[in-house]
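What follows is each chain in one-letter form.
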Amino acid sequence: MKNTTLCYIEKNDCWLMLHRVKKKNDENHDKWIGVGGKCEEGESPDDCVLREVKEETGLTLTSWKYRGLVTFVSDVWPTEYMHLYTADAWQGDLIASRDCAEGELEWVEKSRVPALPIWQGDKIFLDLLGQDVPFFSLKLVYRGETLTAAVLDGKPLPI
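The text that follows walks through the structure, step by step, so that each part is easy to find. (Residues numbered from 1 in each chain as written. Predicted model: local features only at pLDDT ≥ 70, side-chain atom pairs only at ≥ 80, totals over all residues. Heavy atoms only, no water.)

**A look at the state of the cysteines**
Logical step 1: According to the stated counting rule, one finds 0 disulfides in the structure shown.
Logical step 2: In this structure Cys 100 is not part of a disulfide, and its nearest cysteine sulfur, from Cys 7, lies 14 Å away. (Disulfide = S-S within 2.5 Å.)

Shown next as structure tokens:
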């Protein structure tokens, strides 16, 4: 089991998205996601999201919010607890995409994100973020890249 963070940084009705195209053997290869990564020993989710955002974007978050816990269950990858954040203020300048080891960074209008190549389950939690749900627990079950089940706050969702 692994612990990760993911942050959607907001500006002018856009999210900062990362197109994961640079790493080999990346479970998110060619997908568009927020920024984040694996928690290191001794880190809290807050510590991790701050470190990962700084490493991947060059930005130092000054205002962020823990929005939910997403549990990913897969027949291919280990179970993952992803701590989901949004942020709306930072210091520093965004690094050039060529300097991001994970992929290409781009500000994308929120309304355009669902049409990008994203995980099917991401559409569920992005919708919850858009509805400004204060905190949620979401379990997403995948077979390969196919979402087979979703459970929100203990209640199954239609797929």
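**Regarding the nonpolar core**
Logical step 1: Core analysis: the largest hydrophobic core is formed by 27 residues, its most contacted members being Tyr 8, Val 70, Leu 84, Phe 125, Leu 126, Phe 136 and Leu 140.
Logical step 2: For this core, the elements supplying multiple residues, two or more each, are strand S1 (2–11), strand S2 (14–19), strand S3 (32–33), strand S5 (60–74), strand S6 (80–91), helix H2 (120–130), strand S8 (136–143) and strand S9 (146–152).
Logical step 3: Apart from the residues lying within four places of it in its own chain, the contact partners of Leu 126 are Tyr 8, Trp 15, Val 113 and Ile 118.
Logical step 4: Membership of the second largest hydrophobic core comes to 13 residues, among which are Ile 9, Leu 16, Val 35 and Leu 105. (Core = buried A, V, L, I, M, F, W, Y, C linked by side-chain atoms within 4.5 Å. Buried < 20%, exposed > 50% of the residue type's maximum accessible area, 1.4 Å probe, protein only. Helix = DSSP H or I, 4+ residues; strand = E, 2+ residues; numbered from the N terminus. Contact = heavy atoms within 4.5 Å.)

**Observations regarding the pairing of S6**
Logical step 1: Two strands pair when backbone bridges link them, and S1 and S6 are joined in this way by 8 bridges, in the parallel orientation. Bridge assignment links Asn 3 to a residue of S6, and that residue is Tyr 81.
Logical step 2: As defined by bridge partners, S5 adjoins S6 across 11 bridges and the pair is classed as antiparallel. The partner of Thr 60 across the bridge, within S6, is Gln 91.
Logical step 3: The antiparallel pairing of S5 with S6 creates a hairpin that spans 5 residues between the two strands. (Pairing = 2+ DSSP bridges.)

**Details of the environment of Leu 59**
Logical step 1: With respect to the secondary-structure elements, Leu 59 resides in the loop between helix H1 (45–57) and S5.
Logical step 2: By relative accessible area, Leu 59 is classed as buried at 0%.
Logical step 3: Through-space distance from the C-alpha of Leu 59 to that of Ala 87 is 11 Å; in sequence the pair is 28 residues apart.
Logical step 4: In this view, Leu 59 contacts Ile 9, Leu 16, Val 53, Lys 54, Trp 90, Gln 91, Gly 92, Asp 93 and Leu 94; residues no more than four positions away in its chain are not counted.

**Regarding the pattern of salt bridges**
Logical step 1: This structure, assessed with the given rule, holds 8 salt bridges.
Logical step 2: Taking the shortest distance from any N to any O, the salt bridge between Arg 20 and Glu 102 comes out at 3.2 Å. Here the residue Arg 20 occupies a position in the loop between S2 and S3, and Glu 102 occupies one in the loop between S6 and strand S7 (104–109), the gap between them amounting to 82 residues. Of the two residues examined, Arg 20 and Glu 102, each falls in the buried class.
Logical step 3: Taken together, the shared-partner salt bridges in this structure form one network comprising Glu 40, Glu 43, Arg 51, Glu 52 and Glu 55. (Salt bridge = Lys/Arg side-chain N within 4 Å of Asp/Glu carboxyl O.)

That is the geometry; function is a separate question.
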